[in-house]
Amino acid sequence: MDSMIVAPHSGMPGTQLEMNFMETKVVERTLSIIKPDATRRNLTGKINSKFEEAGLRIVAQKRIRMSAEQAGTFYEVHKERPFYAELVEFMVSGPVVVQVLEGENAIAKNREVMGATNPEEADPGTIRKEFAVSLTENSVHGSDATDTAEKEISFFFAALEIVV
Ligand code: GDP
C-alpha cells in the first residue's frame, strides 16, 4: 500500500513542527461493494459520483454475481449473528459492483460517505441516507480497517486488476 509522509520543515518553531506531523497524509485503499438493492435500481453511477466528489478514485471495478459460498465467506465474521442468513441471501439476490477505492484516509473517508449502517441513523447527504432501503438493504459495503481492507481487496481482485 502506498503511503505519503509530509516531512516537517527544518528550523520551524515547535508548533509548526507539530502541525506538520498532524497533517500526515496516508494514501489508502479500501474495498467497496455496491449492493444488489442499488444495482437493481440502476444507482451505480450516482453512488460512484459520491465517491469521486469526496476525492476517492475508483482504481478497480467489476460487476459480478456472488455465489452463496462467496457471500457466506465474505461475511463470515457475522456467522453467529441473527441476520447472517438474510444478509447472505440478499447479497446473492442480484449483481453487485465490487470496487477498490483509493485516496487519502480512504477507509475512514469512504465510511463517512457511506453513512451509518442503519439508514435511519445516517447523516444527510450520505449514500445510505439517500439511497438505502433498510438496515439489510443498505446499498453499500466498505472495509472498516486497514487489515480488513487488504483481506477484502484480495478476496475479489488480483494485483494486476488494480490500475492507478
Ligand atoms: P457495515 O460495516 O456498516 O456494513 O456494518 P456491519 O459490518 O456491522 O454489518 C454488515 C452488514 O450486515 C450491514 O451493512 C447490513 O447490511 C447488515 N446488518 C448489520 N446489522 C444488521 C442488523 O442488526 N439487522 C439486519 N437485518 N442486518 C444487519
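The numbering scheme is per chain: residues are counted from 1 as the chain's sequence reads. A pLDDT threshold of at least 70 governs which residues receive local features in this predicted model, and a stricter bar of 80 or more applies before side-chain atom pairs are shown or counted, although totals over entire chains, interfaces and linings include all residues. Based on all heavy atoms of the structure, the side-chain values leave hydrogens and waters out of the count.

1. Observations concerning the side chain of Glu28
- Runs of H or I in DSSP of at least four residues are treated as helices and runs of E of at least two as strands, each being numbered from the N terminus. One can find Glu28 in strand 1 (residues 27-34).
- Lys109 provides the closest opposite charge to the buried, unpaired Glu28, separated from it by 9.3 Å.
- Polar contacts involving the side chain of Glu28 include one to the main-chain amide nitrogen of Ala106, which spans 3.1 Å. When accessible area is computed with a 1.4 Å probe and restricted to protein chains, residues below 20% of their type maximum are described as buried, those above 50% as exposed, and intermediate ones as partly exposed. Charge counting follows a simple rule: Lys and Arg are positive, Asp and Glu are negative, and His as well as the terminal groups are ignored. By convention in these notes, a salt bridge is any Lys or Arg side-chain nitrogen within 4 Å of a carboxyl oxygen on Asp or Glu. For the purposes of these results, a polar contact is taken to be a pair of N or O atoms within 3.5 Å, where, inside protein, one atom must be able to donate a hydrogen and its partner to accept one; residues adjacent in sequence count only when each atom of the pair is a side-chain atom.

2. Details of the nonpolar core
- Among the nonpolar cores identified, the biggest contains 20 residues, and Ile33, Met91, Phe156 and Phe157 are the most heavily contacted of them.
- Of all elements in the fold, only strand 1, strand 2 (57-64), helix 4 (68-74), helix 5 (84-91), strand 3 (96-104) and helix 8 (146-156) reach the threshold of two or more residues within this core.
- Per-element tally for this core: the top contributor is helix 5, with five residues.
- Ignoring sequence-local partners within four residues, the contact set of Phe157 consists of Leu31, Ala60, Gln61, Lys62, Val98, Gln99, Val100 and Ile162.
- Buried Ala, Val, Leu, Ile, Met, Phe, Trp, Tyr and Cys residues that are joined via side-chain atoms within 4.5 Å together make up what is termed a nonpolar core. Formed by 14 residues, the second largest nonpolar core is a distinct cluster that contains Ala38, Ile47, Val97 and Ala106. Here, residues are in contact when the closest pair of their heavy atoms is within 4.5 Å.

3. Quick word on the sheet that holds strand 2
- Ordered by their spatial adjacency, four strands build an open sheet running 2-3-1-4, and the pairing between neighbours is antiparallel. At either end of the open sheet lies a strand with only one pairing partner, and these are strand 2 and strand 4 (140-142). Strand after strand, the sheet turns through a mean of 20 degrees between neighbouring axes, direction not considered.
- Here strand 1 runs beside strand 3; their pairing, made up of eight bridges, is antiparallel. Directly across from Leu31, in strand 3, lies its bridge partner Val100. Whether two strands pair comes down to DSSP finding at least two bridges between them. Angular values range over 0 to 180 degrees, each being the angle between N-to-C directions of two axes fitted as lines to C-alpha atoms, with helices fitted over their stretch in contact.

4. A word on the site of the ligand
- Taken together, Lys35, Tyr75, His78, Phe83, Glu86, Leu87, Arg111, Thr117, Arg128, Leu135, Thr136 and Asn138 make up the full set of residues adjacent to the ligand.
- Computed by Shrake-Rupley with a 1.4 Å probe, the accessible areas treat only the displayed protein chains as cover when residues are assessed. Here the ligand, which alone exposes 550 Å², has 79% of that area covered by the protein.
- All amino acids are sorted into three groups, where Ala, Val, Leu, Ile, Met, Phe, Trp, Tyr, Cys and Pro are nonpolar, Asp, Glu, Lys and Arg are charged, and the leftover types, Gly among them, are polar. Considered class by class, the residues forming the shell around the ligand number four nonpolar, four polar and four charged. The rule for a residue being near a molecule or strand is that one of its heavy atoms must lie within 4 Å of it.

5. Overview of the confidence of the model for the protein
- Per-residue confidence for the protein gives a mean pLDDT of 90; residues scoring 70 or more make up 85%.
- Known as pLDDT, the predictor's confidence for each residue is given on a scale from 0 to 100. The low-confidence segment residues 1-19, where pLDDT is below 50, has 20 contacts with residues more than four positions distant or belonging to other chains.

6. What about helix 6 (residues 106-114)?
- Regarding helix 6, the residues found buried are Ala106, Ile107, Asn110, Val113 and Met114. Summarising the axial view, the buried residues of helix 6 lie within an arc of 130 degrees, below the 170-degree limit, and thus occupy one face.
- Following helix 6 by one or two positions, Gly115 adopts a phi angle in the positive range, close to 90 degrees. The arc refers to the directions leading from the helix axis to the C-beta atoms.

7. A few points about the pattern of salt bridges
- All chains considered together, the criterion is met by five salt bridges.
- Put simply, Asp37 and Arg41 hold a salt bridge, and the shortest N to O gap is 2.6 Å.
- Residue class for Asp37 comes out buried when judged on its relative accessible area of 1%.
- Owing to a relative accessible area of 37%, Arg41 belongs among the partly exposed residues under this scheme.
- With its nearest N and O atoms 3.2 Å apart, the salt bridge here joins Lys62 to Glu161. Pair noted here: Lys62 is in strand 2 and Glu161 is in the segment after helix 8, with a separation of 99 residues, a long-range link.
- What makes Lys62 partly exposed here is its relative accessible area of 24%.

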